[in-house]
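Residues per chain are reported as follows:
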Number of protein chains: 2
Amino acid sequence: MRLIVARCEVTYSGRLNAVLPEAVRLLILKSDGSFLVHADTGGFKPQNWMTPPTVVEHEGEPLERLVVRKRGRKTEDRLDVRIVEILSDVAHDMGEAGAIAKDGVERDLQEELATRPAALGEELRVVRREWQTDIGPVDLMCRDTEDGWVAVEIKRVATIEAVEQLTRYLERIRPEPGMARVRGVLAAQKVVRQARTLAEARGLRWIEVDLGVLRGEREPELTLFPG
Amino acid sequence: MRLIVARCEVTYSGRLNAVLPEAVRLLILKSDGSFLVHADTGGFKPQNWMTPPTVVEHEGEPLERLVVRKRGRKTEDRLDVRIVEILSDVAHDMGEAGAIAKDGVERDLQEELATRPAALGEELRVVRREWQTDIGPVDLMCRDTEDGWVAVEIKRVATIEAVEQLTRYLERIRPEPGMARVRGVLAAQKVVRQARTLAEARGLRWIEVDLGVLRGEREPELTLFPG
DNA sequence: TCGTTCATTTCGAAG
DNA sequence: CTTCGAAGTGAACGA
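The subject of this paragraph is the overall build of chain A. For chain A, the count of helices and strands is four helices and 13 strands. At 26 Å, chain A has a C-alpha radius of gyration far larger than the 17 Å of a compact globule built from 227 residues. Its C-alpha atoms put chain A at 80 × 50 × 35 Å along the principal axes. Relative to its 227 residues, chain A shows a buried fraction of 44%.

This is how it looks when you write it as structure tokens:
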């Protein structure tokens, strides 16, 4: 990884055009071909960047210009860095970084709900996870106590799009034999207001579930009036 | 901006839990409170990060541990960096970075189309941009040569979701007085195939427009057979 | 390659 | 403050 701190002007042309006026910035050249331009503010996002695969051209000694191009694209994507002054230029051999281990993404929620469908707010039996339709898989397909079918769409955050997605699935499932009355349930750690409204308007039930509570790591919020 | 290259292990807990095993990584501490953990591979995205506002704790001399916490949140967000070996630790005063100037985003396309609605493939008059409905604004509301209403949804890339969005708008507009026969047009720099199919199935017209051509920067592709 | 879906999405604007 | 939609979204996964 090469780290350059330099006063520079950066021009991007590709999917859009953008210009960064002359200022001091951090330029990161990763060994996988990634190129990032970071300012001292602006948070998470680089001001400019290019994802691999790229081709990098260096001009001048000391460095006066960097051109980063996207490889293997029809429309040219190009970053042009005009370097006015180099304040630092160091390279580090970093070896391999271990793979990140994540827990708490949508799939984890789906797994928990598959084993504890009662958390969905009614008594359900899980028939299948990833029930295939011709437009994609329904997260959980269940049956209720009266053997009625229930399709469950799971999200970490459910927006109006999640309602649309569930609606599309139901449209596809209902014509199947015996499926005409399949119900839809939207389950998420958070269901935003518009999604609630649209879901209710379409006769879909929504429910918020908490992964921590689900796992018993935290107690559900109980309002007890002892005595 | 402080740049630390160090062998370290990083633990995140918050919206999910994640662990990065011990490896050499770049740690970036921005003056706005941003904290980024980058590996030498993995492209655009940091392996771990925290956006402002944050509180950073330093432990040890030399540095042995960094704890970054999210400020002003109910649920705690926390990044814990256990530092095994520091390979480099430098700070740079970078001053202000100029604001980025972008051109070519959806809004630019909307502006061009508002002034040249003929590019939408039929003769239209623009009545309003950002025509308000109770579920959000229609990008362009127009009338055709027979005074019929036409709602235009504009995207840079139109997917199936853009068709759904336009459909929702039309559902809301049609009950309005005199609006029963409003037509829908989907305009984008690229309309993906499934969006085309769904649009056609729903009686919506779609059209691809090129911002460059629209501005006359490029000539449209003409196939001429002179003589 | 294209298309879909998820993301600790982030980011920005508007109510 | 929340809410909502765009993003050069990026990245993974499947057809």
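So, next bit.
With that settled, the discussion passes to the protein's contact with DNA strand C. For DNA strand C, the set of nearby residues contains 21 residues, the closest of which are Lys155 and Arg156 of chain A together with Leu16, Asn48 and Gln194 of chain B. For DNA strand C, the fraction of protein-proximal atoms (within 4 Å) that sit in sugar or phosphate groups is 81%. Between DNA strand C and Lys45 of chain A, the relevant distance is 3.3 Å, taken from a phosphate oxygen to a main-chain nitrogen or oxygen of the residue. In the environment of DNA strand C, a phosphate oxygen lies 2.6 Å from a nitrogen or oxygen atom belonging to the side chain of Gln194 of chain B. The residue makeup of the surface near DNA strand C, split by class, is six nonpolar, six polar and nine charged.

On to the protein's contact with DNA strand D, then. The local shell around DNA strand D holds 20 residues, among which Asn48, Trp49 and Gln194 of chain A together with Lys155 and Arg156 of chain B are the closest. Here DNA strand D approaches the protein such that, of its atoms within 4 Å, sugar and phosphate make up 77%. Taking Arg15 of chain A, its side chain carries an N or O atom lying 3.1 Å from a phosphate oxygen of DNA strand D. Of all the elements in the fold, those that place two or more residues in the surface near DNA strand D are β4 (48–50) and α3 (193–201) of chain A together with β11 (149–158) of chain B. Tallied by class, the residues present in the surface near DNA strand D amount to six nonpolar, five polar and nine charged.

The description of two packed helices rests on the angle between their axes and on the distance between the axes. All names here are of chain A. In the contact formed by helix α2 (residues 160–173) and α3, the axes pass within 7 Å of each other and the chain directions differ by 30°. By the angle between their directions, the pair α2 and α3 is classed as roughly parallel. Residues Ile160, Val163 and Glu164 of α2 pack against Gln194, Ala195, Leu198 and Ala199 of α3. The class makeup of the residues in the contact of α2 with α3 is five nonpolar, one polar and one charged.

For the rest of this paragraph, the subject is the relation of the copies chain B and chain A. Comparison of the two chain copies shows a relationship of rotation about an axis with a shift along it. Note on the copies: chain B fits chain A at an RMSD of 0.6 Å, the axial shift is 0.0 Å, and the rotation between them is 178°. Overall, the copies show the geometry of a two-fold rotation axis. Of the interface residues in chain B, 100% have counterparts in chain A that sit at the interface too, so the contact is made through matching surfaces.

To continue, consider the interface of chain B and chain A. Listed by partner, the interface residues are 52 residues for chain B and 54 residues for chain A. Of the roughly 4600 Å² buried between chain B and chain A on both sides combined, carbon and sulfur atoms contribute 57%. When residues of chain B are sorted by the area they lose upon contact with chain A, Asp40, Phe44 and Met94 of chain B head the list and together hold 17% of the total. Counting across the chain B and chain A interface gives 23 residue pairs in polar contact (both at pLDDT 80 or more). Elements represented by at least two residues in the side of chain B that touches chain A include exactly β1 (2–13), β2 (17–29), β3 (35–38), β7 (78–91), β8 (101–103) and α2 (160–173) of chain B. Ranked by residue count, the leading element in the side of chain B that touches chain A is β2 of chain B, at eleven residues. The class makeup of the residues in the side of chain B that touches chain A is 26 nonpolar, 13 polar and 13 charged.

Residue and element names in this part refer to chain A. Most of strand β10 (residues 136–144) is tucked away: seven of the nine residues are buried. Two elements, strand β9 (residues 124–133) and β10, share eight bridges in a ladder whose sense is antiparallel. Residue pairing across strands places Trp131 opposite Val138, the latter belonging to β10. Connecting the antiparallel pair β9 and β10 is a turn made up of two residues. As defined by bridge partners, β10 adjoins strand β11 (residues 149–158) across four bridges and the pair is classed as antiparallel. Bridge assignment links Cys142 to a residue of β11, and that residue is Val150. Here β10 folds back onto β11, and the loop between the two strands holds four residues, one of which, Asp147, carries a positive phi near 65°.

Analysis parameters
- Residues numbered from 1 in each chain as written.
- Chains lettered and ligands numbered in written order.
- Predicted model: local features only at pLDDT ≥ 70, side-chain atom pairs only at ≥ 80, totals over all residues.
- Heavy atoms only, no water.
- Helix = DSSP H or I, 4+ residues; strand = E, 2+ residues; numbered from the N terminus.
- Rg over C-alpha atoms; globule rule 2.2 N^0.38 Å.
- Buried < 20%, exposed > 50% of the residue type's maximum accessible area, 1.4 Å probe, protein only.
- Near = heavy atom within 4 Å.
- Polar contact = N/O pair within 3.5 Å; in protein donor to acceptor, adjacent residues only side chain to side chain.
- Nonpolar A, V, L, I, M, F, W, Y, C, P; charged D, E, K, R; others polar.
- Axes fitted to C-alpha atoms, helices over the stretch in contact; angles between N-to-C directions.
- Parallel < 35°, antiparallel > 145°, perpendicular 65-115°, else oblique.
- Contact = heavy atoms within 4.5 Å.
- Least-squares fit on C-alpha atoms with pLDDT ≥ 70 in both.
- Buried area = accessible area lost by both parts, 1.4 Å probe.
- Pairing = 2+ DSSP bridges.

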